[in-house]
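Residue strings, one per chain:
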Amino acid sequence: MSRTRIHNFSISLDGFATGEPQSLETPFGHAGQKLHTWMMRTQYWDPNGTDGVDHAYAERHGPGIGAEIMGANKFGPPGWHDDPDWKGWWGPNPPFHTPVFVLTHHARPSLEMEGGNVFHFLEATPAEALETVRAAADGQDIRIGGGATVVRDFLAAGLVDHMHLVQVPIVLGRGVRLWDGLEGVEEAFDVETVASPTGVTHFTFTRKAS
C-alpha cells in the first residue's frame, strides 16, 4: 500500500510552521522566507546552490510521489475561494506534476494545468481524503504537503508514515504551530536527527511497525 510522506516541512524553534497574517503579498506572514532559506540555497532549488546535507534531504521531496494533499491555506490566501480566477501561487505549471487534492469547505470544479498538474477540491476528513487520493496515486506514495493544520490533523489521526521535519534556528513568537494537541505523538515513530552546518536540524520520523 502507498505510504503517506511529508518532506521539507520547516518549523521555527518555537514550533511555528508559518507566521501571520497570511495574505497575497505575504504568503507566510511575518516569517517571510526565513523558514525556507535553507532549502532555497540548495541545488534542489537553485542550480547554483549547495550540494551538501540540506540538498540531500530536499531532493527526496519528489521521487515516488503519485499525488499530494494540501490544505486550503497552502493553495491560496484568505478569500481565494471567492475568486474564480485564482489558480494557486505557482503560475501555469506548478511544481507538483501529479494530481493535487486541496482540502477545503469551498468545493469547485477540478483545475487542469500544465505539467500534469490537476487540482481537485475536496471536503473530507483525513481518512476520507486518503481513501480518495490513493486511487489517484496509482500505487505510488502520497505527499502531505501542508500547511501546519493539515499536517497536524494527519498526525493526530495516525495517518503519517514518514515525516521529514526541519527545525530552523529562528523564533517567530506567533503564527500557526505544528505541535498543539499532539502530546506524545513521537512515541509512534522512530526518530533520527542530523544537524547541518547551515544551522538547521533535520528530523526524520518513520512510523514504527505495528
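Everything here concerns the structure above.
All values derive from a computational prediction rather than experimental measurement. (Residues numbered from 1 in each chain as written. Predicted model: local features only at pLDDT ≥ 70, side-chain atom pairs only at ≥ 80, totals over all residues. Heavy atoms only, no water.)

1. Quick notes on the sheet that holds strand β11 (residues 201-207)
(1) Moving on: The strand order β5-β6-β4-β3-β7-β1-β8-β11-β10 describes an open sheet built from 9 strands, whose pairing is mixed. Both outer strands of the open sheet, β5 (111-112) and β10 (189-195), are each paired with one neighbouring strand and no more.
(2) Moving on: Judged from the 2 bridges that link them, strand β1 (residues 4-12) and strand β7 (residues 141-144) form a sheet pairing that is parallel. From the neighbouring strand, Arg5 faces β7, where its bridge partner is Arg143.
(3) Moving on: Docked against the sheet, helix α4 (residues 126-137) engages β1, β3 (65-71), β4 (99-103), β6 (118-122) and β7, running at close to 150° with respect to β3. (Pairing = 2+ DSSP bridges. Helix = DSSP H or I, 4+ residues; strand = E, 2+ residues; numbered from the N terminus. Contact = heavy atoms within 4.5 Å. Axes fitted to C-alpha atoms, helices over the stretch in contact; angles between N-to-C directions.)

2. Overview of the nonpolar core
(1) Moving on: Counting residues in each nonpolar core, the largest one holds 28 residues, and the members touching the most others are Phe9, Ile69, Ile144, Val151, Phe154 and Leu155.
(2) Moving on: Residue assignment for this core shows that the elements contributing at least two residues are β1, β3, β4, α4, β7, α5 (148-156) and β8 (162-168).
(3) Moving on: At 5 residues, α5 tops the list of elements feeding residues into this core. (Core = buried A, V, L, I, M, F, W, Y, C linked by side-chain atoms within 4.5 Å. Buried < 20%, exposed > 50% of the residue type's maximum accessible area, 1.4 Å probe, protein only.)

3. A closer look at the environment of Gly29
(1) Moving on: You can see Gly29 is positioned in the loop between β2 (16-18) and α1 (37-40).
(2) Moving on: For Gly29, a relative accessible area of 8% puts it in the buried group.
(3) Moving on: The sequence separation of Gly29 and Trp80 amounts to 51 residues, and the corresponding C-alpha distance is 16 Å.
(4) Moving on: Among all residues touching Gly29, those that are not within four sequence positions of it are Gly19, Glu20, Pro21 and Gln22.

4. A few points about unusual backbone geometry
(1) Moving on: Residue Pro21 is reached from Glu20 by a cis peptide bond, and omega for that bond is -5°.
(2) Moving on: On the secondary structure map, Pro21 appears in the loop between β2 and α1.
(3) Moving on: In this structure, Asn8 is a non-glycine residue whose phi angle is positive, near 55°.
(4) Moving on: One can find Asn8 in strand β1.
(5) Moving on: One non-glycine residue, Asp138, lies in positive phi territory at about 55°.
(6) Moving on: Structurally, Asp138 can be placed in the loop between α4 and β7.
(7) Moving on: On the basis of relative accessible area, Asp138 is assigned to the exposed category, the value being 66%.

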